[in-house]
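Here's the letter readout for the chains.
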Amino acid sequence: MATYFLSDLHFNGDEARRARILRFFKEIVVDAEAVYLVGDVFDFWMGYPSTLYQQHFALLRALAELSEAGVELWIFSGNHDPHLGGFFGEIGARVLTSGRMIPLGKRTAWVEHGDEDDPRGGLRRLAARLVRHPLTGALCRWVHPELLWRVAHLYADHSPPPPYETPLDEALIRDRLASRCAAGADVMITGHFHRPLHLRRTLNQQPCEFICLGDWLTCFTYARLDAQGLRLYRHDQPDPLPIVT
Ligand SMILES: [Mn+2]
């Protein structure tokens, strides 16, 4: 049995990506024990009390099928889907609105989407706080769903492409990983940065691991924990990504 972690699916109208994401969920049902979706699962989601966007149906059905097959499902909110609302209980999934420690056998992982503590600048962290604020969610729920959908996609379609070429901010390792490990985590798992990376370091005489989950825009990466350990994989490739030391 295995536990899967993936993030930044940014599920939208792109047919090829949709098909690949849905195929992945069909493939893992054979051995998945738990699945953690670590934020930005949807390119845009607003948790209205009684309205769903039909564009999400295919993914919701795939997740419901996993849940019905007995797979434990956890969904973190991200900056593209900060207000997940009450729907996910309907498909047996549990929602997490910020980072948390998760026991993984003998080890403990700190898992977060990553936008709330983004080391790339105070403006980004402020934006994360703003979009995640309960008042923002309450106000948005009074906007007509079609209007909100169009405005959100105007934003999503014009936001800059993920910074695949830029190296990850060293502060993620130096500060964030160090403080999570000092707080008792053996591994930190994050989404949001659209860069697949598995790194092993010794910080304060303590071995620590850092996994940045990549995305399902162009990387198609996921982490998998099984009897052999925790590794980062590219979908459709049998061998895990190398661990950087
Ligand atoms: Mn994000």
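The following refers to the structure shown. In this text, all values refer to a predicted model and were calculated from it rather than measured experimentally.

1. Points about the overall build of the chain
Phase 1 of the analysis: When you go through the chain residue by residue, the secondary structure sums to six helices and eleven strands.
Phase 2 of the analysis: Over its C-alpha atoms the chain spans a radius of gyration of 17 Å, differing by no more than 12% from the 18 Å that the globule rule assigns to 245 residues.
Phase 3 of the analysis: In terms of its C-alpha atoms, the chain occupies a principal-axis envelope of roughly 55 × 45 × 30 Å.
Phase 4 of the analysis: Per-residue burial over the chain gives 35% buried out of 245 residues.

2. Here's the deal with the nonpolar core
Phase 1 of the analysis: Counting 51 residues, the largest nonpolar core has Phe5, Leu6, Val38, Ile189 and Leu213 as the members making the most contacts within it.
Phase 2 of the analysis: When neighbours within four sequence positions are excluded, Leu6 is seen to be in contact with Leu37, Val38, Leu213, Trp216 and Tyr222.

3. Quick look at the sheet that holds strand 1 (residues 2-6)
Phase 1 of the analysis: Here six strands make up an open sheet; going across it, the order is 4-3-2-1-10-11 and the pairing mixed. A single partner strand is all that each edge strand has here, and the edge strands are strand 4 (93-96) and strand 11 (229-234). The mean angle between the axes of side-by-side strands here comes to 20°, regardless of whether they run parallel or antiparallel.
Phase 2 of the analysis: In the sheet, strand 10 (residues 221-226) pairs with strand 11 via six bridges, with the strands oriented antiparallel. Paired with Ala223 across the bridge in strand 11 is Leu232.

4. Concerning the sheet that holds strand 6 (residues 107-112)
Phase 1 of the analysis: If you walk across this open sheet you meet the five strands as 5-6-7-9-8, and the pairing is mixed. Each edge of the open sheet carries a strand with a single partner, namely strand 5 (100-104) and strand 8 (196-203). In this sheet, adjacent strand axes meet at a mean angle of 20° when their direction is disregarded.
Phase 2 of the analysis: Of the strand pairs in this sheet, strand 8 and strand 9 (residues 206-213) are connected by eight bridges, and their pairing is antiparallel. If you follow Thr202 over to strand 9, its bridge partner there is Pro207.

Cut-offs and rules
Residues numbered from 1 in each chain as written. Predicted model: local features only at pLDDT ≥ 70, side-chain atom pairs only at ≥ 80, totals over all residues. Helix = DSSP H or I, 4+ residues; strand = E, 2+ residues; numbered from the N terminus. Rg over C-alpha atoms; globule rule 2.2 N^0.38 Å. Buried ≥ 20, exposed ≤ 12 C-beta atoms within 10 Å, placed from the backbone. Core = buried A, V, L, I, M, F, W, Y, C linked by C-beta atoms within 7 Å. Contact = placed C-beta atoms within 7 Å. Pairing = 2+ DSSP bridges. Axes fitted to C-alpha atoms, helices over the stretch in contact; angles between N-to-C directions.

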